[in-house]
Amino acid sequence: MLLSASVFFCTTAALVAYSQGPGGRRGGTSVADPFVGITTSQGVQQDLFAIESTGVTTEPVRVAAVAFLNGLSESQRDRTVFPVDDAEWRKWDNRHRSPRQGVGFNEMSEAQRTLAFEMLGQSLSAKGLKKTQDIMKLNGTLAELANSFDEYGEWLYWITVMGEPSATEPWGWQLDGHHCVVNYFVMGDQVVMSPVFMGSEPVEAKEGKFKGTIVMQDEQDKGLALISLLNDEQRAKAIIMNRKNGNNNLTEAYKDNVILDYAGIPGSKLDDTQKQALLALVEEYVGNMREGHAKVRMSEVEKHLDDTYFAWIGGTTDKSVYYYRVHSPVVLIEFDHQRRVAPFHTSEPTRDHIHTVIRTPNGNDYGKDLLRQHYHSHSH
């Protein structure tokens, strides 16, 4: 069973090995390629997302975004604001060397940084904002460890704004930098916050300016808690490879159009306690949004709970390294213990380097399906 599942997984992974285009990365696609979204080999599942009122205001986000933009110089603003349908959305990169657009925290005044964090703070939960800032700090720790302050640093993060902040027209913002990327699309009182990439290397500052800062432990532990609740028969379905000897994430930067079939165990095969653990795991990621919009998102996830698959690679002890994936028609989450890259390389994955990503499959990353519907309704 495990062998056939692992073969299936590798076959699935092979499906995503498109040729690299300009602006892409190995195994990825170019931003010039038309956006499709994460799909299974069955193609896009239709009619999953609708333009509707959530009853949760986005006005504080709009006000904070306007204040942030008003705090920029004219030249800063000119390179920060893009059209709402611009390819800039898709140019994010979780790696550290990528060229960035927009205005960087490294060039902002203290007042501008305050306004930027206010915009993030109105969009994210307290937990989400702290996690974002802690990842930025740990990038500063990495600069100390690698003694490379040009490559890494707390302030090497950039903001772009797509469209003009509006109560009625679609718009959004993006935070882009090493190990932390947030795409935040707004239309009326609807929010789509994906793709979001969060990770770190190291995951804890043992010394230096940010000593004591630690991230990604809840994502790590809640995944392990769920696999630990499964009985032997369920584990045989969920675990698609017992050995983890490399990096396994499939939907990072430039992987907007990955074809990925479901693998692992579906929610329909879980008991109530296990389903609650699965929901708690998803909520750990969704809960980076402000509470009201996180609840809206979780209700979307719950509608598809029986068709939400949980897959695992690696060991299942509190010392193990592992990868897990949560995948339904409306949410895709990946967690991966990765090989160390800086300041020293390791050939095996380690708990000191973690990557996570959350996406909205079937065409609604960056709110693109909602934007498509918006354009369609306004063209008639």
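Definitions and limits used
- Residues numbered from 1 in each chain as written.
- Predicted model: local features only at pLDDT ≥ 70, side-chain atom pairs only at ≥ 80, totals over all residues.
- Heavy atoms only, no water.
- Salt bridge = Lys/Arg side-chain N within 4 Å of Asp/Glu carboxyl O.
- Helix = DSSP H or I, 4+ residues; strand = E, 2+ residues; numbered from the N terminus.
- Buried < 20%, exposed > 50% of the residue type's maximum accessible area, 1.4 Å probe, protein only.
- Phe/Tyr/Trp six-rings, centres within 6.5 Å; stacked < 30°, edge-to-face > 60°.
- Lys NZ or Arg CZ within 6 Å of the ring centre and 35° of its normal.

## Overview of the pattern of salt bridges
Between side chains of opposite charge, a pair can form as their charged atoms come close.
Argument step 1. According to the stated counting rule, one finds 25 salt bridges in the structure shown.
Argument step 2. For the salt bridge of Arg359 with Asp256, the shortest nitrogen-to-oxygen distance reads 2.9 Å. Placement of Arg359 in strand E13 (residues 349–359) and of Asp256 in the loop between strand E8 (239–241) and strand E9 (265–266) is noted, with a sequence separation of 103 residues between them. Side by side, Arg359 and Asp256 carry an identical accessibility label, which is buried.
Argument step 3. Two residues, Asp369 and Arg372, come together in a salt bridge whose shortest N-O distance is 2.7 Å. In this pair, Asp369 and Arg372 are both assigned in helix H10 (residues 368–378), 3 residues apart and thus about one turn of the helix distant.
Argument step 4. The exposure class assigned to Asp369 is buried, which follows from its relative accessible area of 12%.
Argument step 5. Connected through shared salt-bridge partners, Lys127, Lys131, Glu219, Lys222 and Glu284 make up one network.

## Quick word on the packing of aromatic side chains
Argument step 1. Under the criterion given, the structure shown has 14 aromatic pairs.
Argument step 2. When the centroid spacing of 6.1 Å and the interplanar angle of 45 degrees are considered together, the rings of Phe310 and Tyr324 count as tilted. Of the two residues, Phe310 is situated in strand E10 (residues 309–314) and Tyr324 in strand E11 (residues 322–327); the sequence distance between them amounts to 14 residues. Each member of the pair, Phe310 together with Tyr324, is buried.
Argument step 3. These aromatic residues form a ring-pair network of at least three members: Phe310, Trp312, Tyr322, Tyr324 and Phe335.
Argument step 4. One Lys or Arg, Arg113, reaches over the ring of Trp155 and ends 3.9 Å from the middle of that ring.

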